[in-house]
Amino acid sequence: MHINSKLPNVGTTIFTVMSALATEHKAVNLGQGFPDYQMSEELIALVNDVMKKGFNQYVPMQGYLPLREVLAEKIQSLYTTIVNPNTQITITPGGTYAIYTALTTVLQPGDEVIIFEPAYDSYIPNVEINGAIPVLIDLKFPDYKIDWQKVKQKINAKTRMIMLNSPHNPTGAVLGEEDIQQLRSIVKGTNIFILSDEVYEHLIFDGLLHQSILRYPDLMERSFVCFSFGKVYHCTGWKLGYCVSSPELMKEFRKVHQFNCFSCHTPSQVALAEFIKNKDSYLSLGTFMQEKRDHFQQLMQQTKFEPLPSRGSYFQCYKYDRISDESDKDLAIRLTKEKAVATIPVSVFYKAGTDNKVLRFCFAKKKETLEAAVERLIKL
Ligand SMILES: Cc1ncc(COP(=O)(O)O)c(C=O)c1O
């Protein structure tokens with residue numbers, strides 16, 4: 001049997017490699033982005049409760065309506081925009097699925113999609129599997145800002161979409177209001193869609209405002225905005241998220257969604273519909289994660305690693321010029337083997353493997369985990 005691969009360039013990812021190495025060497029794993037602390041006991045109890053009450057069958061393919069209703073209220077209170085829960089929100093099995101579905105909804109073979117690198121690893125394969133062409137633009141090192149001049153140069157009649165991610169994985173950079181103004185002027189009067197990956201919407205620090213596309217109705221009409229409950233409620237393994245868009249775009253999105261996943265895990269949706277009513281469950285998140293970032297940064301001052309700014313997300317990037325001139329991949333592998341600390345080399349987030357000699361550390365971990373990791377890095 002022969003299969004003509006749709007993704008001939010995709011192999012085993014560094015995440016798989018690093019996780020296997022981390023397990024083999026019993027390393028403290030600051031590589032993969034997930035919390036190692038327990039999620040809310042109250043939310044677990046709620047899921048349990050609704051299962052016992054009988055919420056165990058399919059919900060409508062758009063998602064459990066009361067959940068979409070509380071999300072619409074949340075969006076209005078955070079971003080002032082009124083969205084219709086019936087026509088503009090769809091619950092999905094995670095943020096990645098929402099992104100894939102949005103791309104599949106609009107892309108035709110030969111379309112071009114602007115992707116900023118370093119980029120979350122699903123973006124390029126998701127574009128390519130649709131026969132479209134990723135147009136890659138480097139974020140400016142070391143502050144990882146968007147070079148809007150370069151974006152203007154890359155726009156042409158084939159440009160179908162611009163993909164944004166703020167707060168950003170892997171760098172922790174966030175978009176500012178000036179970025180939104182630039183974006184606005186670039187897409188105005190064009191047929192360019194926007195995919196805005198906002199899975200870290202609440203994980204934003206230092207009093208900065210999350211520049212959600214949902215704040216801007218003129219941009220929203222051409223956008224798919226994607227979210228993840230896993231990131232907000234410390235349960236990445238739940239794989240539950242949602243997409244918000246205009247009624248016209250959402251109608252097409254649902255055509256793709258209904259013959260793929262159809263509807264998502266019912267008990268989690270019913271429980272979340274109740275849990276989200278407590279605004280503190282998400283409003284406290286920025287402070288919670290900022291404390292982790294600050295604690296980690298403070299600990300890391302004892303090492304020779306040099307921090308780059310992290311203004312949001314789970315992640316903090318560090319330069320290591322004072323430690324080694326190895327490639328970031330070699331160093332990440334050596335740290336796992338010799339120091340039993342797993343990280344992710346940032347070059348893996350570039351198609352061309354651009355190596356600025358930076359490692360990504362995930363600080364969404366227990367205090368003890370962060371302390372154990374740094375103790376092993378001090379002697380480097
Ligand atoms: C930028 C970015 N987008 C999307 C996701 C995926 O979210 P989910 O687990 O809900 O699919 C992640 C998870 O790491 C991410 O970092």
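For clarity, every value in this text was computed on a predicted model and none was experimentally measured. (Residues numbered from 1 in each chain as written. Predicted model: local features only at pLDDT ≥ 70, side-chain atom pairs only at ≥ 80, totals over all residues. Heavy atoms only, no water.)

Caption draft 1: Region of the structure containing the layout of surface pockets. Quantified by volume, the largest pocket comes out at close to 590 Å³. Considering the residues around the largest pocket, the lining is formed by 21 residues, among which Asn-9, Thr-13, Asp-121, Val-348 and Tyr-350 are closest to the centre. Of all the secondary structure elements, the ones that give two or more residues to the lining of the largest pocket are helix H1 (14-24) and helix H5 (123-128). Sorting elements by how many residues they give to the lining of the largest pocket places H5 first, with three residues. The residue makeup of the lining of the largest pocket, split by class, is ten nonpolar, six polar and five charged. If you add up the space inside the second largest pocket, you get close to 470 Å³. Around the second largest pocket sit 24 residues that line it, and Gly-33, Thr-96, Tyr-120, Tyr-200 and Lys-231 are the ones nearest its centre. Where the lining of the second largest pocket is concerned, the elements lending two or more residues are helix H4 (95-106) and helix H9 (229-232). Of the residues forming the lining of the second largest pocket, the biggest block, three residues, is contributed by H4. (1 Å grid on protein atoms, 1.4 Å probe; cavity = no way out; pocket = protein on both sides within 12 Å on 5 of 7 lines; lining within 4 Å. Points joined across faces, edges and corners; volume = space filled by probe spheres on them. Helix = DSSP H or I, 4+ residues; strand = E, 2+ residues; numbered from the N terminus. Nonpolar A, V, L, I, M, F, W, Y, C, P; charged D, E, K, R; others polar.)

Caption draft 2: A look at the sheet that holds strand S4 (residues 133-138). Taken in spatial order, the seven strands make up an open sheet running S2-S8-S7-S6-S5-S3-S4, and their pairing is mixed. Strands at the two margins of the open sheet, each flanked by one partner only, are strand S2 (89-92) and S4. Mean inter-strand twist for the sheet, computed between neighbouring axes without regard to direction, equals 20°. Contacting S2, strand S5 (159-165), strand S6 (193-197), strand S7 (223-228) and strand S8 (241-245), H4 crosses the sheet at an angle of about 165° to S7. (Pairing = 2+ DSSP bridges. Axes fitted to C-alpha atoms, helices over the stretch in contact; angles between N-to-C directions. Contact = heavy atoms within 4.5 Å.)

Caption draft 3: Looking closely at the site of the ligand. Taken together, the neighbourhood of the ligand is formed by Gly-94, Gly-95, Thr-96, Tyr-120, Asn-165, Asn-169, Asp-197, Val-199, Tyr-200, Ser-228, Lys-231 and Lys-239. One nitrogen or oxygen atom from the side chain of Thr-96 is found 2.7 Å from an oxygen atom belonging to the ligand. Interatomic distance of 2.6 Å between a side-chain N/O atom of Asp-197 and a nitrogen atom of the ligand. Expressed as a share of its isolated accessible area of 390 Å², the protein-covered part of the ligand is 92%. Counting atoms within 2 Å of the grid points, the majority share of the ligand lands in the second largest pocket. Taken together, the residues that form the shell around the ligand break down as three nonpolar, six polar and three charged. (Near = heavy atom within 4 Å. Polar contact = N/O pair within 3.5 Å; in protein donor to acceptor, adjacent residues only side chain to side chain. Areas by Shrake-Rupley, 256 points an atom, 1.4 Å probe, with all protein chains shown as cover. Sits in = over half its atoms within 2 Å of the grid points.)

Caption draft 4: Broad picture of helix H14 (residues 328-339). Look at H14: 15 Å from first C-alpha to last across twelve residues, which is about the 16 Å you get at 1.5 Å a residue. Within the sequence span of H14, burial applies to Asp-328, Leu-331, Ala-332, Leu-335 and Thr-336. Buried residues in H14, looked at end-on, bunch into an arc of 135°, giving them a common side. Where H14 is buried, its residues touch H1, strand S11 (341-342), strand S12 (344-345), strand S13 (358-362) and helix H15 (367-377). The positive-phi residue at the C-terminal boundary of H14 is Ala-340, with phi of around 55°. (Expected span 1.5 Å × (residues − 1). Buried < 20%, exposed > 50% of the residue type's maximum accessible area, 1.4 Å probe, protein only. Arc of directions from axis to C-beta.)

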